[in-house]
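Here is what each chain is made of, one letter per residue.
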Amino acid sequence: MSNNSWPELQFEKLKDTLVTVQLWTQIVGKIRLVKMPWLNHSWHVTLYVSSKGLTTGSIPYSDGLFQIDFDFISHQLIISSSANGQQQIDLYPRTVADFYKELFEKLQLMGIDVEIYAKPNELEVAIPFEEDEVHFQYDKEQIFLFWQALVKIDIVFTRFRAGFNGKCSPVHFFWGAFDLAVTRFSGRKAPVHPGGAPNMPLNVMQEAYSHEVSSCGFWPGSESFPHPVFYAYCYPTPDAFKDQPVKPDAAFFSPEMGEFMLRYDDVRNAADPEAYLTDFLQTTYEAAAHTGNWPSFDCDFSSLER
């Protein structure tokens, strides 16, 4: 086993907290969605990994800018404004309905006027937020470990992103599927996407996949696959994609998901987790680029280094 600081993630201990926090992030993400101008491929809806947790970044409103931050160190939700100060909400085992109610009360106090579609997206069970008394679990230690893992992963994804000279997404956190992702683009239009994601409008899916992509990410798992895992896929998906050689040896192709996967534990236990994960990101991209006949977008910044 490697001697490194990547935290251990145990899905069984983490899962109940993940459900609650995902619903909380959906509420916050929907606030960003309605206040931001539309960015291609829904980039305006995402959250970002921060030095304390997850953040919306700056959001425009009538009086200036505001921002909402999940702080998984002090376990607070912090709403800050360029014009009207700051409000906090404590994070503890509390229902989604209670969180929703207090958050919108605080926004009103700060003069931030916002209305959202107040039901979850991309989830099998979609209880309206203000009625959800079912989900309330919040384990401070487990969510802290999950965030620490996101910090490690965000660093690797950011360095990987920097090696591409074409159009590339930010490294960002999608609250719908609850995954951290970064996506490269070939520059060419893609066939119209058939859709099929649960609780996701067809036109949103088709805009998200309007152009050829090679995407990779990290997902914390589910009851049907109780393992935190890295994934990599491309759209459209050439028939030969699944047969391409990828690294490391622990990576595998999932016919059910149509993507390559690598378990978080394999990365965490590697002698050099960052290099191990980077091999997965790079070789799965090369598989997509080779089978999809992508142009070259390699970067060389060596002459700029100091």
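Provided above is the structure to which this section pertains.
Residues numbered from 1 in each chain as written. Predicted model: local features only at pLDDT ≥ 70, side-chain atom pairs only at ≥ 80, totals over all residues. Heavy atoms only, no water.

Draft legend 1. Up close: the overall build of the protein. Check the secondary structure of the protein and you find six helices and 12 strands. Relative to the 2.2 N^0.38 estimate, which gives 19 Å for 306 residues, the radius of gyration of the protein is 20 Å and therefore close to what a compact globule would have. When its C-alpha atoms are laid out on the principal axes, the protein stretches across 55 × 45 × 45 Å. Here the protein holds 306 residues, and 50% of them are scored as buried. Taking as baseline every contact in the protein between residues at least 6 positions apart, the subset at least 24 positions apart corresponds to 62%. Accessible surface, the protein as shown: approximately 14400 Å² in total, 51% of it carbon and sulfur. Averaging the positions of the 23 positive and the 39 negative side-chain charges in the protein gives two centres separated by 4 Å. (Helix = DSSP H or I, 4+ residues; strand = E, 2+ residues; numbered from the N terminus. Rg over C-alpha atoms; globule rule 2.2 N^0.38 Å. Buried < 20%, exposed > 50% of the residue type's maximum accessible area, 1.4 Å probe, protein only. Contact = heavy atoms within 4.5 Å. Areas by Shrake-Rupley, 256 points an atom, 1.4 Å probe, with all protein chains shown as cover. Lys, Arg positive; Asp, Glu negative; His and termini not counted. Charge placed at Lys NZ, Arg CZ, Asp CG, Glu CD.)

Draft legend 2. Representation of the packing of aromatic side chains in the model. A complete count under the given rule lists 26 aromatic pairs for this structure. Here the aromatic rings of Phe218 and Tyr264 are separated by 5.8 Å at their centres, their planes lie at 55°, and the arrangement is tilted. Taken together, the positions of Phe218 in strand β9 (residues 211-219) and Tyr264 in helix α5 (residues 264-268) put the pair 46 residues apart, joining distant regions of the chain. The burial state of Phe218 is the same as that of Tyr264; both residues are buried. What links up through ring pairs into an aromatic cluster is the set Trp6, Phe146, Phe157, Phe173, Phe178, Phe218, Phe230 and Tyr264. (Phe/Tyr/Trp six-rings, centres within 6.5 Å; stacked < 30°, edge-to-face > 60°.)

Draft legend 3. Layout of the nonpolar core. In this structure, Leu103, Phe157 and Phe230 are the most contacted members of the largest nonpolar core, which totals 78 residues. Setting aside chain neighbours within four positions, we find Phe157 in contact with Val171, Leu180, Ala181, Val182, Cys216, Gly217, Phe218, Phe230, Leu277 and Leu281. Core analysis: the next-biggest nonpolar cluster, separate from the first, contains 11 residues, Ala181, Phe185, Ala190 and Tyr235 among them. (Core = buried A, V, L, I, M, F, W, Y, C linked by side-chain atoms within 4.5 Å.)

Draft legend 4. The arrangement of the sheet that holds strand β7 (residues 172-174) in detail. Spatial strand order, β7-β8-β9-β10-β12-β11: six strands in an open sheet with antiparallel pairing. In this open sheet, the two strands that pair with only one neighbour each are β7 and β11 (252-254). Strand-to-strand twist across the sheet, computed as the mean angle between neighbouring axes with direction ignored, equals 35°. Pairing of strand β10 (residues 229-235) with strand β12 (residues 259-263) involves four bridges; the strand directions are antiparallel. Within β12, the position partnered with Tyr231 by the bridge is Met261. Lying over the sheet, helix α3 (residues 140-161) contacts β7, β8 (179-189), β9 and β10, oriented at roughly 20° with respect to β8. Each of β8, β9, β10 and β12 is contacted by helix α6 (residues 273-291), which is oriented at about 15° to β10, the strand it contacts most. (Pairing = 2+ DSSP bridges. Axes fitted to C-alpha atoms, helices over the stretch in contact; angles between N-to-C directions.)

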